[in-house]
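# Architecture and fold: a report
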Amino acid sequence: MDNLINKINELKKQRDAVILGHYYLERDVLDICDYVGDSFYLAKKATELENKTIVFCGVRFMGESAKILNPDKTVLLVDNSAICPMANMVTKEDIDKIKAAYDDVCVVAYINSKSEIKRYVDVCVTSGNAHNIIPKIKNKNIYFIPDKNLGGYLAKQFPEKNFILHPGYCPVHERMNKDELLEAKKLHPGALVMAHPECNEGVLGVADYIGSTTGIIDFVANSDNDEFIIASELGMFYELEKQNPHKHFYPIKADQICVDMKKITPAKVAASLENDFDGVVLSGELIAEAKKSLDRMLEMAK
Ligand code: 13P
Ligand code: SF4
């Protein structure tokens, strides 16, 4: 492993590269990242870095967002097959139908969507910034794609808006269920429940705190409680344990795993830097059109 890390460091120097990664990665990958964060942090960070090359350890929409925001940089995806299944759950035809049915509708896309879709939406959001962006939208009707759970959660926060929810979901968060969560609470009666808004309504209804991965990490760090049930992907436990060595963290079940995030390995990072493979390739036209909704997100989230 030491040899591999030395090799990655050498390649980073040669290529003027920086490594960004999401909390859901394997621990050995998180250890080689220069910056780790939630989707919003990573998108913002990508616009602040001077390096020529960004190695994006995460799923494809994340690397593509970094490229769209930084068209002149090389963005390496590490493993092109690492995708977010939810990003494939909405089509342009879905958007066209809703636009035809409503005169006054704002199409809001969770950043977990394809670049091709981002060209047709008004603004992107993440779970970490949606609460700042939704109140700034003038339209009453909001078509929220693709995540019905994040959309449903926001609809409850902003009852003055009419949310039209697209029926997409994250398979990892959707399969966590309320009954199993209540069982976990019985086993750990002193634990607070931290839930990502991609969880279904049943789980969110039991949660003590709902927020993005960074939101959960910050809540735990500032809480006096020392036990937490985490309704999100298990990769998060690494940061939680590092920041809070004396606190205890429990999953609902052992299958809270995003198999796509786990495809990224240090060996693949080295190979990607060495051979330049799985660099993001998007047409200039697509980048220019999709960039509008991401730029609007960064602007409105301020
Ligand atoms: P955040 O890290 O933005 O909360 O998103 C979670 C997620 O599912 C990323 O795919
Ligand atoms: Fe997509 Fe869910 Fe994996 Fe996040 S955890 S990348 S939303 S499948």
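Just above sits the structure.
A brief look at the structure comes next. Keep in mind the model is a prediction, meaning the values are calculated, not measured. (Residues numbered from 1 in each chain as written. Chains lettered and ligands numbered in written order. Predicted model: local features only at pLDDT ≥ 70, side-chain atom pairs only at ≥ 80, totals over all residues. Heavy atoms only, no water.)

## Points about the overall build of the chain
Helix and strand content of the chain: 15 helices and 12 strands. Relative to a compact globule of 302 residues, whose C-alpha radius of gyration would be 19 Å, the chain shows 19 Å and is just as compact. Counting only C-alpha atoms, the chain reaches 55 × 50 × 30 Å along its principal axes. Of all 302 residues assigned to the chain, the portion counted as buried reaches 56%. Taking contacts inside the chain between residues at least 6 apart in sequence as the whole, the part at least 24 apart equals 63%. Of the roughly 13,000 Å² of accessible surface on the chain, 49% is carried by carbon and sulfur atoms. Within the chain, one finds 37 positive and 45 negative side-chain charges whose respective centroids are separated by 3 Å. (Helix = DSSP H or I, 4+ residues; strand = E, 2+ residues; numbered from the N terminus. Rg over C-alpha atoms; globule rule 2.2 N^0.38 Å. Buried < 20%, exposed > 50% of the residue type's maximum accessible area, 1.4 Å probe, protein only. Contact = heavy atoms within 4.5 Å. Areas by Shrake-Rupley, 256 points an atom, 1.4 Å probe, with all protein chains shown as cover. Lys, Arg positive; Asp, Glu negative; His and termini not counted. Charge placed at Lys NZ, Arg CZ, Asp CG, Glu CD.)

## Some remarks on the sheet that holds strand β5 (residues 105-110)
Overall, parallel pairing links the 4 strands, which are arranged β6-β5-β7-β8 in an open sheet. Among the strands making up the open sheet, the edge pair consists of β6 (123-125) and β8 (162-165). Between one strand axis and the next, the sheet turns by 30° as a mean value, whatever way the strands run. With respect to the sheet, helix α8 (residues 148-157) is in contact with β5, β7 (141-145) and β8, its orientation differing from that of β8 by roughly 170°. (Pairing = 2+ DSSP bridges. Axes fitted to C-alpha atoms, helices over the stretch in contact; angles between N-to-C directions.)

## Concerning the sheet that holds strand β3 (residues 53-57)
What the 4 strands build is an open sheet, ordered β2-β1-β3-β4; its pairing is parallel. Each of the sheet's edge strands pairs with one partner strand only, and the pair in question is β2 (35-37) and β4 (74-76). Strand-to-strand twist in this sheet, taken as the mean axis angle between neighbours without regard to direction, amounts to 20°. Sheet topology note: the strand β1 (residues 17-22)/β3 ladder contains 5 bridges and is parallel. Across the sheet, residue G21 finds its bridge partner in β3, namely C57. Packed onto the sheet, helix α1 (residues 2-15) meets β1, β3 and β4 and runs at close to 120° relative to β1.

## Thoughts on the pairing of β7
Most of β7 sits inside the fold, with 5 of its 5 residues counted as buried. What you see with β7 is no split at all: N141, Y143 and I145 on one side and I142 and F144 on the other are buried throughout. Sheet topology places β7 next to β8; 4 bridges connect them, and they run parallel. Paired with Y143 across the bridge in β8 is I164.

## Some thoughts on the pattern of salt bridges
Going through the model one piece at a time under the given rule, you end up with 21 salt bridges. Across the salt bridge formed by E174 and K148, the nearest N and O atoms sit 3.4 Å from each other. Highlighted residues: E174 in helix α9 (residues 171-174) and K148 in helix α8, separated in sequence by 26 residues. Between K291 and D295 there is a salt bridge, and its shortest N-O distance comes to 3.0 Å. (Salt bridge = Lys/Arg side-chain N within 4 Å of Asp/Glu carboxyl O.)

## Examining the packing of aromatic side chains
Where two aromatic rings form a pair, the distance of their centres and the angle of their planes describe that pair. Inspection of every chain in the model, using the stated rule, returns 4 aromatic pairs. The interplanar angle of 45° and the centroid separation of 6.4 Å between the aromatic rings of F144 and F163 together place this pair among those described as tilted. Of the two residues, F144 is situated in strand β7 and F163 in strand β8; the sequence distance between them amounts to 19 residues. F163 shares its class with F144; the two are buried. Arranged with centres 4.7 Å apart and planes meeting at 25°, the rings of Y209 and F219 form a pair that is stacked. A residue pair is termed long-range when its members are at least 10 positions apart, and Y209 in strand β10 (residues 209-210) and F219 in helix α12 (residues 213-222) qualify at 10 residues. Positioned over the ring face of Y120 is K92, at 5.0 Å from the centre of the ring. In this structure, K242 is placed above the aromatic ring of Y238, and the distance from its NZ or CZ to the ring centre is 4.6 Å. (Phe/Tyr/Trp six-rings, centres within 6.5 Å; stacked < 30°, edge-to-face > 60°. Lys NZ or Arg CZ within 6 Å of the ring centre and 35° of its normal.)

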